[in-house]
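Descriptive analysis of the structure
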Amino acid sequence: MKPVWVIILGWILLVPRVGAARRVSAEEASFHYGTFPPGFSWGVGSSAYQTEGAWDQDGKGPSIWDAFTHGGKGQVLGDDTADAACDSYYKVQEDIALVKELHVSHYHFSLSWPRILPTGVRAEQVNKRGIKFYSDFIDTLLKSNITPIVTLHHWDLPQMLQVTYGGWQNVSMTRYFRDYADLCFEVFGDRVKHWLTFSDPRTMVEKGYETGLHAPGLRLQGTGLYMAAHHIIKAHAQAWHSYNNTWRSKQQGMVGISLNCDWGEPVDINNPSDIEAAERYLQFCLGWFANPIYAGDYPQVMKDHIGKKSAEQGLEMSRLPTFSLQEKSYIKGTSDFLGLGHFTTRYITQRTYSSYQGPSYQNDRDLVEFVDPNWPDMGSSWLYSVPWGFRRLLNFVQTQYGDPPIYVTENGASQKLHCTQLCDEWRIQYLKGYINEMLKAIKDGVNIKGYTSWSLLDKFEWEKGYADRYGFYYVEFNVRNKPRYPKASVQYYKEIITANGFPNPREVENWHLKALETCSINNQMLATEPLLRHMHVASEIVVPTVCVLSILIAVLLLTLLLRSHG
């Protein structure tokens, strides 16, 4: 990803040349008051590696992220690890109480593959303590009337599979994933009815096998990510077929995949090459995984571009692997619903990259991304608030993939590192804008079944460590018991859920005021925390010291007393 200053500079240089970037229509700019369909499912999410901690406890095996974060300096900002993270492994009851506090109807979380299968291989070892942990967790959610939506794999591959087989570079991973999925269906499927095989596999393979910014930290440019994606798509299909053939009739659940994608908007809507580039951006992002599942093969534009560049680079075969006719048929239709993650938008323009620059996913796309410097900056270098892009992406998905049922599986905004205020008004504005554009998409006819806001807690954010905070609840990571504090957005999101949308202007404005009042009280609590902590530390030191001194003085007095009587 290019540095943001390059993107912004490019945008500033580009705007006068293009003449006029696309204007947001009056309809898109206007706020839509109304409610969501009855039964719409509201939720909040997290993932195992980012929150659980207990990285080597109760029989859990190491993951590629454990190896990555322990592997040396500079892998993660601040050399942070997720060894403890939010301590959610030990704070299940407390965290589910926070989920209940939000009044959500579902909780989207992931299972840790190495916590269930320490080596990743079912035939070698099944960790019963790991299974009991998740089984109890699911039971507690259901007792609280919260539906579990469960991801099988959110990036934390068992390290032994990486060491022994090369991870997702090896086709044998499809078998091991199917065995793992089968075990999860067997032990949890009587209670879990919404399964996701993978969460955001595009980022997983791009940063894990192309740029090396994520575990396993490989830089197999222009080749590794396509091979990893190829095997992930096959693994997804195998898990879906296994559920369909063995478990569906008994358990009556659904299996899908969660794909993340930003919206790509042409810089100049009157320029055919920009329109094609924006379409290509979406196909390389979303279509890469969705097209095989819904249409049986990779998008034609991916096959054309990667094939052409591969030939120019002197390769006999395309760097994009191919599916056999049998595989295409096997993969097509393997989704009961589509999980869709979305955070922001980019302007896209055409730019042809020479094949002689070497293999690269970025160069294969022949485009460049820009942001509008007027878009609100959420705190992360890549995330800008552009709500109208969400509606466009949802409509694109509906038309592109035959009107699938959609669950929005990730949508949220991060907080700046230095900002520890709980009055996250900017997140309230982000939630309001994005949820409202989703409501407009439903009015357009898009079949959206549920929405998951990301995320429940501040947590470990991969290569960013603990610098970016996405949580509704602020976590004080520097305190031993990692206390949680509600941000203003908790109150605001709760109001949206209770009303099932946005009933009228006066009520929505009242939500805003009420949320900010609540957070000012919580801010005072947070401000007193260091004082209470120092008092606690002082008491831990002073009380034992006073006790010891008292005993010593008593012994001394008793000794003197005995001597005087002697």
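None of these values were measured; they are calculated from a predicted model. All residue numbers refer to position in the chain's written sequence, counted from 1. Local features are withheld for residues below a pLDDT of 70 in this predicted model, meaning they are given only at 70 or higher, and side-chain atom pairs are given and counted only at 80 or more; totals for whole chains, interfaces and linings count all residues. With hydrogens and water stripped out, all remaining heavy atoms of the structure feed into the side-chain values.

Describing the pairing of strand E3 (residues 106–110)
Where a strand is regular, its side chains alternate between the two sheet faces. Summary of the burial criterion: residues with accessible area below 20% of their type's maximum are buried, those above 50% are exposed, and those between are partly exposed, where the area comes from a 1.4 Å probe applied to protein chains only. Counting from the N terminus, the helices are the DSSP runs of H or I reaching at least four residues and the strands are the DSSP runs of E reaching at least two. Here E3 lies mainly inside the structure; five of its five residues are buried. Of the two faces of E3, the one holding His-106, His-108 and Ser-110 and the one holding Tyr-107 and Phe-109 are both buried throughout. Inspection of the sheet shows strand E2 (residues 41–45) paired to E3 by three bridges, in the parallel sense. Across the sheet, residue Gly-45 finds its bridge partner in E3, namely His-108. DSSP bridges decide pairing: two strands pair if at least two such bridges lie between them. As defined by bridge partners, E3 adjoins strand E4 (residues 147–153) across five bridges and the pair is classed as parallel.

Focus: the packing of aromatic side chains
Note on ring pairs: Phe, Tyr and Trp rings are taken, using the six-membered ring of Trp, and paired if centres are within 6.5 Å. Classes follow the plane angle, with under 30 degrees stacked, over 60 edge-to-face and the rest tilted. In the structure shown here, the tally under the stated rule is 53 aromatic pairs. Among the aromatic residues, those joined into a ring-pair cluster are Tyr-49, Trp-65, Phe-68, Trp-155, Phe-460, Trp-462, Tyr-466 and Phe-477. Ring-over charges, as used throughout, are those where CZ of Arg or NZ of Lys falls within 6 Å of the ring centre and within 35 degrees of the ring normal. Looking at Arg-175, its charged tip hangs above the ring of Tyr-176, at a distance of 4.8 Å from the centre. Seen from the ring of Phe-31, Lys-432 lies directly overhead, with NZ or CZ sitting 5.0 Å from the centre.

Here we look at the sheet that holds strand E9 (residues 345–350)
Sheets are built from strands paired through backbone hydrogen bonds, the pairs being either parallel or antiparallel. Here three strands make up an open sheet; going across it, the order is E7-E9-E10 and the pairing mixed. Single-partner strands in this sheet number two, and they are strand E7 (263–266) and strand E10 (367–370). For this sheet, the mean angle separating the axes of adjacent strands, direction not counted, is 40 degrees. Summarising the sheet, E9 and E10 pair through four bridges and their orientation is antiparallel. Pairing of Ile-348 across the sheet is with Glu-369, part of E10. Any two residues having at least one pair of non-hydrogen atoms within 4.5 Å are treated as being in contact. Axes, fitted as lines to C-alpha atoms, cover a helix only where it is in contact. Angles between the N-to-C directions of the axes lie from 0 to 180 degrees. Along the sheet face, helix H12 (residues 272–295) touches E7, E9 and E10 and points at about 130 degrees away from the line of E9. Relative to the sheet, helix H16 (residues 387–400) contacts E7 and E9, its axis offset from that of E7 by approximately 100 degrees.

Remarks on empty space enclosed by the protein
As defined here, a cavity is a set of points on a 1 Å grid over the protein atoms alone where a 1.4 Å probe fits but cannot get out. A pocket is an open set with protein on both sides within 12 Å along at least five of seven lines, and residues line them when an atom is within 4 Å of a point. Grid points are joined across faces, edges and corners, and a volume is the space filled by probe spheres set on the points. For the structure on display, the rule yields four cavities of 30 Å³ or more. Put simply, the largest cavity is a space of about 160 Å³. Lining the largest cavity are 15 residues, and of these Ser-46, Thr-51, Ser-88, Tyr-107 and Phe-137 lie nearest its centre. Elements with a contribution of two residues or more to the lining of the largest cavity: helix H3 (48–51), E3 and helix H7 (128–143). Residues are sorted three ways: Asp, Glu, Lys and Arg are charged, Ala, Val, Leu, Ile, Met, Phe, Trp, Tyr, Cys and Pro are nonpolar, and all the rest, Gly among them, are polar. Partitioning the lining of the largest cavity into residue classes produces eight nonpolar, five polar and two charged. Reported here for the second largest cavity is a volume of approximately 70 Å³.

Things to note about the sheet that holds strand E6 (residues 254–260)
Taken together, eight strands build a closed barrel; the order of strands is E2-E3-E4-E5-E6-E8-E11-E12 and the barrel is parallel. Sheet twist, expressed as the average angle between the axes of neighbouring strands with direction ignored, equals 25 degrees. Sheet topology places E2 next to strand E12 (residues 448–454); five bridges connect them, and they run parallel. Of the residues in E12, the one forming a bridge with Ser-41 is Gly-450. Contacting E2, strand E11 (406–410) and E12, helix H17 (residues 425–444) runs over the sheet at an angle of about 170 degrees to E12.

Description of the side chain of Asp-424
By the element assignment, Asp-424 lies in the loop between E11 and H17. Asp-424 has contacts with Lys-487, Ala-488 and Ser-489, leaving out every residue within four places of it along the chain.

Just distances and angles here, no functional claims.
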